[in-house]
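Listed here are the chains, written in short residue letters.
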Amino acid sequence: MKRVFVDANIVIDLLCERYPWFPNVMRIFNMGDRGQIKLYCSSLSLGTASYLMETRKMSTLDIFEAIDLLCEMCTPTTVDAAVVRDALDSGFTDFEDALQYCSAMTVDADCIVTRNKKDFTASEIPVCDLDEFISLVDINKSNHEFHESNE
């Protein structure tokens, strides 16, 4: 099963229902929910998303329920001292992106899905933007390769 790490912007698009990206983001999370892929996100992304949901005047109960539901589809990864140190040494120019990347490394992610592919030019993990990932899934779904190729 492919291990797919979703960047903070993808998590935020889901939890804040940001358009026009929300429908394709839902497709990715539905794949995770159905067990077609194993989804991961940085625990840092959950904090950022909760803050943005608060600014949209969502209730605490709705925020907690949304994050709980997300965690049923997507496993949060750890951002600990080792990840912070690795991020500092990663060669990334943006620290938050470095944290995302190093967090993805801890779960041996097969790819990172983001809307800002240019932020991950130093990545050794293949990076897809949202549209590329959806296209890849659609192409490989017809060939039955995507989720079977790494099992």
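Criteria and thresholds
Residues numbered from 1 in each chain as written. Predicted model: local features only at pLDDT ≥ 70, side-chain atom pairs only at ≥ 80, totals over all residues. Heavy atoms only, no water. Patch = residues over 30% accessible without salt bridge, like charges linked within 9 Å, V, L, I, M, F, W, Y side chains within 5 Å. Areas by Shrake-Rupley, 256 points an atom, 1.4 Å probe, with all protein chains shown as cover. Salt bridge = Lys/Arg side-chain N within 4 Å of Asp/Glu carboxyl O. Lys, Arg positive; Asp, Glu negative; His and termini not counted. Charge placed at Lys NZ, Arg CZ, Asp CG, Glu CD. Helix = DSSP H or I, 4+ residues; strand = E, 2+ residues; numbered from the N terminus. Buried < 20%, exposed > 50% of the residue type's maximum accessible area, 1.4 Å probe, protein only. Core = buried A, V, L, I, M, F, W, Y, C linked by side-chain atoms within 4.5 Å. Contact = heavy atoms within 4.5 Å. Axes fitted to C-alpha atoms, helices over the stretch in contact; angles between N-to-C directions. Parallel < 35°, antiparallel > 145°, perpendicular 65-115°, else oblique. Left-handed = near helix turned anticlockwise from the far one by under 90°. Nonpolar A, V, L, I, M, F, W, Y, C, P; charged D, E, K, R; others polar. Polar contact = N/O pair within 3.5 Å; in protein donor to acceptor, adjacent residues only side chain to side chain.

### Focus: a negative patch on the surface
Thinking step 1. On the surface, a cluster of negative charge is contributed by Asp33, Asp62, Glu65, Asp68 and Glu72.
Thinking step 2. Counting residues per element, the negative patch draws most heavily on helix H4 (residues 60-73), at four residues.
Thinking step 3. Note that Asp68 resides in helix H4.
Thinking step 4. Given a relative accessible area of 48%, Asp68 falls into the partly exposed group.

### Remarks on the nonpolar core
Thinking step 1. Core analysis: the largest hydrophobic core is formed by 32 residues, its most contacted members being Val6, Ile28, Phe29, Leu70, Val113 and Phe133.
Thinking step 2. If you list the elements that add at least two residues to this core, you get strand S1 (3-6), helix H1 (8-15), helix H2 (22-33), strand S2 (38-42), helix H3 (43-55), H4, strand S4 (111-114) and helix H7 (130-143).
Thinking step 3. Those residues within four positions of Val6 in sequence are excluded, and the remaining contacts are Val11, Ile28, Phe29, Leu39, Tyr40, Cys41, Cys74, Gln100 and Val113.

### Some details on the packing of H1 against H3
Thinking step 1. The interhelical angle for the contact between H1 and H3, taken along N-to-C directions, is 40°, at an axis separation of 9 Å. On the basis of the axis angle, H1 is oblique to H3. Here H1 and H3 pass one another in a crossing that is right-handed. For the pair H1 and H3, contact is made by Ala8, Val11, Ile12 and Leu15 and by Ser45, Leu46, Thr48, Ala49, Leu52 and Met53, respectively.
Thinking step 2. Residue classes in the contact of H1 with H3 are distributed as eight nonpolar, two polar and no charged.

### Looking at the side chain of Asp97
Thinking step 1. Position of Asp97 relative to the elements: it lies in helix H6 (residues 95-105).
Thinking step 2. Excluding residues within four positions of it along the chain, Asp97 makes contact with Phe92, Asp119 and Phe120.

### Here we look at H6
Thinking step 1. The buried count for H6 comes to eight of 11 residues, which makes it a mostly enclosed element.
Thinking step 2. Residue Asp94 occupies the N-cap position of H6, its side-chain oxygen lying 3.0 Å from the main-chain nitrogen of Glu96.

### A look at the pattern of salt bridges
Pairing between side chains of opposite charge can happen when the charged atoms of each approach one another.
Thinking step 1. As enumerated under the stated definition, the model contains five salt bridges in all.
Thinking step 2. Between Asp13 and Arg18 there is a salt bridge; the shortest N-O distance is 2.7 Å.
Thinking step 3. It is possible to trace a salt-bridge network through shared partners that takes in Asp13, Arg18 and Arg115.

Remember that the coordinates give geometry; whether it matters functionally is a separate question.
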